[in-house]
Amino acid sequence: QVQLVESGGGLVQAGGSLRLSCAASGRTFSSYAMGWFRQAPGKEREFVAAISWSGGNTYYADSVKGRFTISRDNAKNTVYLQMNSLKPEDTAVYYCAADPHPTKVATLVDYWGQGTQVTVSS
């Protein structure tokens with residue numbers, strides 16, 4: 001069982017930056033791939049970024065590539081999402097995800113956090 005708690009969301013102007021954190025419980029954190037998804041009002045939950053259990057492999061949606069960076073600290077049981085050059089279309093609830101394998105498919109994710117709101121004003 002893995003419990004995930006996100007933090008770091010908020011309101012930021014376009015062009016600004018935010019860093020999301022996801023703290024995980026459980027001693028098996030380092031054996032899970034971690035990811036971030038987001039869901040805007042009226043839209044389906046979509047993949048943002050993922051990182052392998054070792055941190056050696058990362059994956060990004062085309063819409064955030066070059067602007068967002070996912071990283072993890074297994075000693076702290078925490079995964080991060082650094083978001084730069086934010087755009088109004090990045091506005092959404094951002095969810096942390098844990099799964100044995102990196103996945104871009106929301107329906108395959110084993111564990112979810114409760115979500116944190118990110119709002120980017122123009």
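Scroll up a little and you will see the structure.
Residues numbered from 1 in each chain as written. Predicted model: local features only at pLDDT ≥ 70, side-chain atom pairs only at ≥ 80, totals over all residues. Heavy atoms only, no water.

A. A look at the pattern of salt bridges. Throughout the structure, instances matching the rule amount to four salt bridges. Ionic pairing is found between arginine 38 and glutamate 46, a salt bridge with its closest N-O pair at 2.6 Å. Across the pair lysine 65 and aspartate 62 runs a salt bridge, and its minimum N-O distance is 3.2 Å. Overlapping salt bridges bring together Arg38, Glu46, Arg67 and Asp90 as one network. (Salt bridge = Lys/Arg side-chain N within 4 Å of Asp/Glu carboxyl O.)

B. Highlighting the state of the cysteines. For the coordinates displayed, the defined rule picks out one disulfide. Note on cysteine connectivity: cysteine 22 is disulfide-linked to cysteine 96, with sulfurs 2.1 Å apart. Between cysteine 22 and cysteine 96, the disulfide has an S-S torsion of -85° and is therefore left-handed. Note that cysteine 22 is positioned in strand β3 (residues 18-24) and cysteine 96 in strand β9 (residues 92-99), a separation of 74 residues in sequence. When sorted by exposure, cysteine 22 lands in the same class as cysteine 96, which is buried. (Disulfide = S-S within 2.5 Å. Helix = DSSP H or I, 4+ residues; strand = E, 2+ residues; numbered from the N terminus. Buried < 20%, exposed > 50% of the residue type's maximum accessible area, 1.4 Å probe, protein only.)

C. Geometry of empty space enclosed by the protein. Under the counting rule described, the total for this entry stands at one cavity of 30 Å³ or more. Size it by volume and the largest cavity reaches roughly 50 Å³. Lining the largest cavity, in full, are Ala33, Met34, Gly35, Phe37, Ala50, Ala97, Ala98, Asp99, His101, Pro102, Thr103 and Val109. Put simply, the parts of the chain that give the lining of the largest cavity at least two residues each are β4 (33-39) and β9. Broken down by element, the residue count for the lining of the largest cavity peaks at four residues, all from β4. (1 Å grid on protein atoms, 1.4 Å probe; cavity = no way out; pocket = protein on both sides within 12 Å on 5 of 7 lines; lining within 4 Å. Points joined across faces, edges and corners; volume = space filled by probe spheres on them.)

D. Up close: the nonpolar core. One finds Leu4, Met34, Trp36, Leu81, Met83 and Tyr94 to be the most contacted residues of the largest nonpolar core, which totals 35 residues. The set of elements that each furnish at least two residues to this core consists of β3, β4, β5 (46-51), β7 (68-73), β8 (78-83), β9 and β11 (116-121). Among residues more than four places away in sequence, those in contact with leucine 4 are Cys22, Ala23, Ala24, Met34, Cys96, Ala97, Ala98, Tyr111, Trp112, Gly113 and Gln114. (Core = buried A, V, L, I, M, F, W, Y, C linked by side-chain atoms within 4.5 Å. Contact = heavy atoms within 4.5 Å.)

E. Seen up close, the environment of lysine 104. Its location among the elements puts lysine 104 in the loop between β9 and β10 (111-112). Classification of lysine 104 as exposed rests on a relative accessible area of 51%. Considering only alpha carbons, one finds lysine 104 and alanine 50, 54 residues apart in sequence, at a separation of 7.6 Å. Other than its neighbours up to four places away in sequence, lysine 104 contacts Phe37, Phe47 and Tyr59.

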